[in-house]
Protein chains: 2
Amino acid sequence: MPRPRSLTPSRIADAALAVLDAEGHGALSMRAVAARLGMGTMSLYRYVEDRSALEELVVERILEPVDLTAPDGAWRHRLLELSERVRRAVAAHPAAIPLAIAHRQSSPTLLRWTETVLDVLTAAGLTGHARAAALRALLAHLIGALELAHGAPLQGEGTRRLSALPPADFPLLTATARDAAAISPEEEFRLGLELLLNGLAAAHLGETPETGEK
Amino acid sequence: MPRPRSLTPSRIADAALAVLDAEGHGALSMRAVAARLGMGTMSLYRYVEDRSALEELVVERILEPVDLTAPDGAWRHRLLELSERVRRAVAAHPAAIPLAIAHRQSSPTLLRWTETVLDVLTAAGLTGHARAAALRALLAHLIGALELAHGAPLQGEGTRRLSALPPADFPLLTATARDAAAISPEEEFRLGLELLLNGLAAAHLGETPETGEK
DNA sequence: GCCGTAGGCGTACGACGCACGCTTACCTCC
DNA sequence: GGAGGTAAGCGTGCGTCGTACGCCTACGGC
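Residues numbered from 1 in each chain as written. Chains lettered and ligands numbered in written order. Predicted model: local features only at pLDDT ≥ 70, side-chain atom pairs only at ≥ 80, totals over all residues.

Of the regular secondary structure elements, chain A holds 10 helices and 0 strands. Overall, chain A shows an N-to-C arrangement of helices and strands of α-α-α-α-α-α-α-α-α-α. Summarising its shape, the C-alpha atoms of chain A cover approximately 65 × 50 × 25 Å along the three principal directions. Within chain A, the proportion of its 214 residues that are buried is 43%. (Helix = DSSP H or I, 4+ residues; strand = E, 2+ residues; numbered from the N terminus. Buried ≥ 20, exposed ≤ 12 C-beta atoms within 10 Å, placed from the backbone.)

Once that is clear, we can look at the UniProt feature "domain: HTH tetR-type" (unreviewed entry) in chain A. UniProt feature "domain: HTH tetR-type" (unreviewed entry): in the numbering of this structure it lies at residues 6-66 of chain A. For the annotated span residues 6-66 of chain A, helix accounts for 57% and strand for 0% of the residues, and the straight-line distance between the end C-alpha atoms is 28 Å. (UniProt positions renumbered as here; feature names shortened; annotations may be inferred.)

Here we come to the interface of chain B and chain A. On the chain A side, the residues contacting the 50 residues of chain B number 50 residues. For the side of chain B that touches chain A, the elements supplying multiple residues, two or more each, are helix H5 (97-102), helix H6 (108-123), helix H7 (128-151), helix H9 (171-180) and helix H10 (185-205) of chain B. Here the side of chain B that touches chain A takes 18 residues from H7(B), the largest share from any one element. (Contact = placed C-beta atoms within 7 Å.)

Here we come to the protein's contact with DNA strand D. By nearness alone, 23 residues border DNA strand D, and Pro2(A), Ser6(A), Met39(A), Gly40(A) and Met42(A) come closest of all. The element contributing the most residues to the surface near DNA strand D is helix H2 (residues 30-36) of chain B, with 3 residues. Of the residues in the surface near DNA strand D, the class split is 11 nonpolar, 5 polar and 7 charged. (Near = placed C-beta within 6 Å. Nonpolar A, V, L, I, M, F, W, Y, C, P; charged D, E, K, R; others polar.)

The next thing to look at is the relation of the copies chain B and chain A. Expressed as a screw operation, the relation of chain B to chain A combines 0.0 Å of axial shift with a rotation of 180 degrees, fitting to an RMSD of 0.1 Å. This pairing of chains is accounted for by a two-fold axis. A shared binding surface is used by both copies, with 100% of the interface residues of chain B retained as interface residues in chain A. (Least-squares fit on C-alpha atoms with pLDDT ≥ 70 in both.)

Attention now goes to the UniProt feature "DNA-binding region" (unreviewed entry) in chain A. The residues that UniProt annotates with the feature "DNA-binding region" (unreviewed entry) are residues 29-48 of chain A. Secondary structure within residues 29-48 of chain A divides into 35% helix and 0% strand; the distance between the first and last C-alpha atoms comes to 13 Å.

With that settled, the discussion passes to the protein's contact with DNA strand C. In the vicinity of DNA strand C, 23 residues are found, and the nearest of them are Pro2(B), Ser6(B), Met39(B), Gly40(B) and Met42(B). No other element matches helix H2 (residues 30-36) of chain A, which puts 3 residues into the surface near DNA strand C. For the surface near DNA strand C, the per-class residue count stands at 11 nonpolar, 5 polar and 7 charged.

Looking now at the domain arrangement of chain A. All names here are of chain A. With domains assigned, chain A is organised as domain 1 (9-62) and domain 2 (66-151 + 184-205). Its C-alpha centre places domain 1 at a distance of 28 Å from the equivalent point of domain 2. Taken together, the contact between domain 1 and domain 2 spans 11 residues of the former and 12 residues of the latter. Only helix H1 (9-23) and helix H3 (51-63) provide two or more residues apiece to the side of domain 1 that touches domain 2. (Domains from an automatic or database assignment.)

Residues and elements named next belong to chain A. The N-to-C vectors of helix H4 (residues 75-91) and helix H6 (residues 108-123) enclose an angle of 165 degrees; their axes lie 9 Å apart at closest approach. One finds that H4 runs roughly antiparallel with respect to H6. Considering how the two elements wind past one another, H4 and H6 form a crossing that is left-handed. Along the contact surface, H4 presents Trp-75, Arg-78, Leu-79, Leu-82 and Val-86, while H6 presents Trp-113, Thr-116, Val-117, Val-120 and Ala-123. (Axes fitted to C-alpha atoms, helices over the stretch in contact; angles between N-to-C directions. Parallel < 35°, antiparallel > 145°, perpendicular 65-115°, else oblique. Left-handed = near helix turned anticlockwise from the far one by under 90°.)

All names here are of chain B. Mapped onto the elements of the fold, Leu-17 is located in helix H1 (residues 9-23). A residue is classified by how many C-beta atoms lie within 10 Å of it, and Leu-17, with 21 of them, is buried. If we ignore the near neighbours within four places in the chain, the residues touching Leu-17 are Val-58, Arg-61, His-93 and Ala-96.

It is worth spelling out the packing of H4(A) against helix H7 (residues 128-151) of chain A at this point. All names here are of chain A. Look at H4 against H7: their axes get within 11 Å of each other, and the N-to-C directions meet at 30 degrees. Between H4 and H7, the angle is such that the two are roughly parallel. Between H4 and H7 lies a crossing whose hand is right-handed. Each of Leu-79, Ser-83, Val-86, Arg-87, Val-90 and Ala-91 in H4 lies in contact with H7, whose residues at this interface are Leu-138, Leu-142, Ala-145, Leu-146 and Ala-149.

All right, on to H1(B) then. The end-to-end C-alpha separation of H1(B) is 21 Å, in line with the 21 Å expected for 15 residues at 1.5 Å each. Tucked into the core, H1(B) has its buried residues touching H2 and helix H3 (51-63) of chain B. (Expected span 1.5 Å × (residues − 1).)

Working note: α-helix, 3.6 residues per turn, so residues spaced by three or four point in the same direction. Those residues of H9(B) lying buried are Leu172(B), Leu173(B), Thr176(B), Ala177(B) and Ala180(B). Down the axis, H9(B) shows its buried residues gathered within 135 degrees of arc, on one side only. (Arc of directions from axis to C-beta.)

All names here are of chain A. In this fold, Leu-68 is placed in the loop between H3 and H4. With 56 residues separating them along the chain, Leu-68 and Ala-124 place their C-alpha atoms 18 Å apart. What Leu-68 contacts, discounting residues up to four positions off in sequence, is Arg-112, Trp-113 and Thr-116.

Structure follows, in structure tokens:
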């Protein structure tokens, strides 16, 4: 009977993501999002509990395009594909990477995704502690790779600064920085993940690891 | 000839770390650190460029106890030990984990540490892209594991919330959350790292992986 | 003992998140 | 068609933050 709502969670998430993409991670504020929606700051609070809830909305929006159906193929390929889907979705919005990491536990999409990953691990023969440890290792790689891509992309300023160090003091570091500049984020992610999966295969499942070379 | 300085970077780092350890990550502010040092807020700026420089001081202090000498033994063991040293130093101050991750690129200690790690990788037979990829994979695991330990320690509230989900919707997730609660952070870190190292051994170096079971 | 340097810091400004309470648009029922 | 009640929209203000600016003053060297 009263006045109808004029905003949806989806529109709010879009506005916040637009702020993030356009002005960077430091520019996300209740005021900025409200302004982009054409409302007063405090009106936002009719739709969102607090800033943290806004951030959760953004994270859920970012993860929305992640396909949650289990891929076909060998378990190694299925895990590679599932992980890559999340990486790709998050990496599409670099300014939101810290948010995605911070709010990972409250995302329904990520919960479902985790259940699917556990399904694959179980089908591959893992249970109990080994399965838990494998999941955490996969998560650690995912989060760590995203964090690395955020703060120090291989082609970015960080790598350049490393290669500018005195080669006499850091011969390997400067050489490696140059090598690393030629690796794309996707390739970096896949190579590291393959190490993990080969280790999983070798240590627990007795399969022959793939070589990991293209 | 003028008035002597009354503070050292080291004392400032100690004060900031004390604030962090005592009041948590959200309590670190220029005012809080200055107060703990018994000075006015603005006096701090005589010793520190800005807040970011203060944080770098803290990170460097945290990493100071890391032993940078190369351990003995097989390369797998040496990498395990080097990684564990950094993990242990950072995990000793949970409230500072995000700072350590954010400022990893400006820490002289970590630069030296990275050079040592590259030394081990090189001695193990890796060069070029493979070496760069292996380093990034190790870093991703280190950062990801620290981030996981920070936001959702296996024994913490996050895991408890996961096991409280409806088992009908998330049968594997709830079961795994229970399994995971029995794993210590050190063990989690070591298990994941061993997967990585076994993968490295299997894929690139033709060695027989260790089983990873205690 | 004087003087210049640099240490110490009070004040103030523009952000931020958000509590509170007012005004007002809308829908429903007579 | 008018009245009433519900919740939308938002202005004001508080306490926090980082930090620019400029004053006062303690100190050490001549």
